[in-house]
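Each chain is listed here by its residues.
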Amino acid sequence: MLQTFFDKYVGLSLALLRELTPRMAITEMGLVSSLLTMLSALTAEHREQLSAREHMYGHELAEAAETSHLERLFLFALAWSVGGTLESADRARFDKFLRSTSTILPEAGTTVGSSPNDTIYSFVVNATSGEWEHWGKRVPSWKPPQGNLGTAFGSILVPTIDSTCCQYNIELALAQERPVLLIGGTGTAKTSTVLQVLAKQNPAETTIKSLSFSSATTPLVFQNNVEGCVEKRQGRTFGPPGGKKMCLFVDDFSMPEINKWGDQITLEIVRQLIEFKGLYNLQKPGEWKSIIDIAYLACMLHPGGGKNDVPNRAKRHFHVMNVTLPALASIHQIFGSLTAAAFPADG
């Protein structure tokens, strides 16, 4: 069944992508790898509902409903993998292409919370019904901090449709142990979104380590930071203390210096840690140290215009998503929530 969807959508989507302007160049193999990661996570999340249908409706009816459900999941994964690095205007073109190819996409403006300009990026597949659901229904309510709102203004994070959607996609990738890289312009809340994901982690099970790269960050600096937050498990295997897992967040991921040969050697040691799950012992040359139970999150500005890109060898390990400027609905939500908190209706 999934093979049918691959044959129907993937080749045409990749061909369209060559006519659009992704904010980061990624190999087609890397995009398809991200698609498979999202599909694995989505089908795992929806498996209970998919398997329950046959008991409820019988085989034939269940098969038809399951096909539609899986196709919606496939289209959602396709939009956020192959089309995940596009800006808003190109996302509208990608949505138009999908609508010309499929009859199962949500009708903009006809569901609760949607508007006529919404695209597939404004919707998610409901795990219970298997139908499209607008992201607006999933945005958590925001409670203003106690005391003077102006004092805490710099630390306020108001959940929006964009941030809720991005967090969900990050969590899907992390569930499959795939590193995530968010790219975007200044002020698109990349770092804030990752911090919201990290804040959801259970401190009894997961520790957090945050780094910020700069042009002065060397492989030695990175390795010392990583080795400083792991302990010996057994033999030459190391991991976060107490048997926990760890989320390693790297901000300004593309900042390390490019040497005269065009290499970013700091990102090569990051790639080595992700790909081979280990580092060489600097005190005992040639000895390998396995480092396990680490999930990776990173943010960076759009490459180009004097800003570094990331080597393909490192990039291929990440699920890359572009964080666009806030949509009008998100802007209304942010400032509407702040205004309501500053000037409550009850005085």
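Now for a quick tour of the structure. (Residues numbered from 1 in each chain as written. Predicted model: local features only at pLDDT ≥ 70, side-chain atom pairs only at ≥ 80, totals over all residues. Heavy atoms only, no water.)

**Thoughts on the sheet that holds strand β10 (residues 294–301)**
- With respect to topology, five strands assemble into an open sheet ordered β4-β7-β10-β3-β11, the strand pairing being parallel. Edge strands, defined here as strands with exactly one partner in the open sheet, are β4 (206–212) and β11 (319–323). Between one strand and the next, the sheet's axes are offset by a mean angle of 15 degrees, whatever the strand orientation.
- For strand β7 (residues 245–251) and β10, the ladder comprises five bridges, and the chain directions are parallel. Across the sheet, the residue bridging to F249 is L297, located in β10. (Pairing = 2+ DSSP bridges. Helix = DSSP H or I, 4+ residues; strand = E, 2+ residues; numbered from the N terminus. Axes fitted to C-alpha atoms, helices over the stretch in contact; angles between N-to-C directions.)

**Thoughts on helix α6 (residues 190–199)**
- Inspection of α6 places K190, T193, V194, Q196, V197 and L198 among the buried residues, and these make up the whole buried set.
- Contacts made by the buried residues of α6 are with α5 (161–175), β3 (180–184), β4, β7, β10 and β11. (Buried < 20%, exposed > 50% of the residue type's maximum accessible area, 1.4 Å probe, protein only. Contact = heavy atoms within 4.5 Å.)

**Describing the side chain of R271**
- Structurally, R271 can be placed in helix α8 (residues 265–276).
- The class of R271 is buried, set by a relative accessible area of 9%.
- Within the structure, R271 has its side chain in polar contact with the side chain of E268 (distance 2.8 Å).
- Discounting residues that sit within four places of it in the chain, R271 has contacts with F276, R313, A314 and H317. (Polar contact = N/O pair within 3.5 Å; in protein donor to acceptor, adjacent residues only side chain to side chain.)

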